Amino acid sequence: MTILVLGGAGYIGSHTVYELIDKGEDVVIVDNLQTGHKAALHPKARFYKGDIRDREFLDAVFKKEKIDAVIHFAACSLVGESMEKPLKYYDNNLCGTKILLDSLTANGIDKIVFSSTAATYGEPERIPILETDRTEPTNTYGETKLSMEKMFKWVGKAHNIRYVSLRYFNACGAHSSGKIGEDHNPETHLIPLILQVPNGKREFISIFGDDYDTKDGTCVRDYIHVTDLAQAHILAVKYLQNGGQSDIFNLGNGVGFTVKEVIDCSRKVTGHPIPAKISQRRSGDPAQLIASSDKAKKILGWQPQHASLEEIISSAWLWHKTHPNGFNQQ
């Protein structure tokens, strides 16, 4: 089976490629290296540098490679940036997916697994969040991902493309080998930001608000190990290959940790005091985001293997302490 991973040099994409190759699959990667890293590419995968907005390039890849299914990670994903540069997100995420779907239908490829996000829900109606809950994104990033889901739905009906959309919560951690991990610029995710303190990259970690209606006043999030996310994408491909119908699944551990709990656990893992300072709340930050992943467990047979916060942070620390400057450390 040959699987095309779009965005396979990025954080979650590269981890999914590693898991696919460990399972003996044949993998082709397409990435424009805008935010991905050449050093994150698996040596056994075939790599094509290019952009999903380039129809001629995509068609050439599909003509050269016999692709059985596509996993789509190629998107801009910074919430803050999406509010400052909304048209960049509409261009890359929506226009890119439209051109991708043109190419898929023209080349007879009918199975795609799509990397979506909990940002499609916006402010949650209840905790834990179910796939059937209201979707009212509070930022451009979430809005473009929701629009992409709807594009798959209608194109799927017209052209018999089956898709799985995976809405995941806070991706974190790194590969157990320490070879690949999280490297964003700018970095916006909590765990790598915390780990910049023991790495000497920042003096303290900022906590944005300590007056939320949670057990210690700080925001609660559902942290899911990147390798568990990768496994869910692989299970989703198998589900489609076995004739499964188009569907949407949440991916999370179903357990929430506060910002203070994540900082405390990081202190324990690193042995560093990690000073913290309280800052003002950020607009649009919900107090709690926790997923119900019962549907993915029941239908896809998914079971997170790395749910412990200590294990998640330990794997991230192995990567960050050996790659303090990310992939550009040499």
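Everything numeric in this text was worked out from a predicted model, so none of it was measured.

The rules behind the values
- Residues numbered from 1 in each chain as written.
- Predicted model: local features only at pLDDT ≥ 70, side-chain atom pairs only at ≥ 80, totals over all residues.
- Heavy atoms only, no water.
- Buried < 20%, exposed > 50% of the residue type's maximum accessible area, 1.4 Å probe, protein only.
- Helix = DSSP H or I, 4+ residues; strand = E, 2+ residues; numbered from the N terminus.
- Pairing = 2+ DSSP bridges.
- Right-handed = clockwise from strand over helix to strand, strands pointing away.
- Axes fitted to C-alpha atoms, helices over the stretch in contact; angles between N-to-C directions.
- Contact = heavy atoms within 4.5 Å.
- 1 Å grid on protein atoms, 1.4 Å probe; cavity = no way out; pocket = protein on both sides within 12 Å on 5 of 7 lines; lining within 4 Å.
- Points joined across faces, edges and corners; volume = space filled by probe spheres on them.
- Nonpolar A, V, L, I, M, F, W, Y, C, P; charged D, E, K, R; others polar.

Draft legend 1. Up close: the pairing of strand E2 (residues 26-31). Burial runs high along E2: 5 of the 6 residues are buried. In the sheet, strand E1 (residues 2-6) pairs with E2 via 5 bridges, with the strands oriented parallel. Its bridge partner lying in E2, Leu4 is registered against Val28. Remark: the E1/helix H1 (residues 11-22)/E2 crossover connection has right-handed handedness. Pairing of E2 with strand E3 (residues 46-49) involves 4 bridges; the strand directions are parallel. Looking at E3, one finds that Val28 is bridged to Arg46.

Draft legend 2. Expanded view of the sheet that holds strand E11 (residues 247-251). Pairing in this open sheet of 7 strands is parallel, and the strands run E3-E2-E1-E4-E5-E6-E11 from one edge to the other. Every other strand in the sheet has two partners, leaving E3 and E11 as the edge strands with one partner each. Put simply, the sheet's adjacent strands are angled 20 degrees from each other on average, direction ignored. Relative to strand E5 (residues 111-117), helix H5 (residues 140-159) is tilted by about 160 degrees, and along the sheet it contacts strand E4 (69-72), E5, strand E6 (162-168) and E11.

Draft legend 3. Region of interest: the pairing of E4. Neither face of E4 is exposed, since Ala69 and Ile71 on one face and Val70 and His72 on the opposite face are all buried. Strand direction decides the pairing type here: E1 and E4, joined by 4 bridges, are parallel. Counterpart to Leu4 in the pairing with E4 is Val70.

Draft legend 4. Structural view of the layout of surface pockets. A volume near 290 Å³ is recorded for the second largest pocket. Considering the residues around the second largest pocket, the lining is formed by 18 residues, among which Asp183, His184, Gln196, Pro324 and Gly326 are closest to the centre. Of all the secondary structure elements, the ones that give two or more residues to the lining of the second largest pocket are helix H6 (190-195) and helix H10 (309-322). No other element matches the 3 residues that H6 contributes to the lining of the second largest pocket. For the lining of the second largest pocket, the residue count by class is 5 nonpolar, 8 polar and 5 charged.

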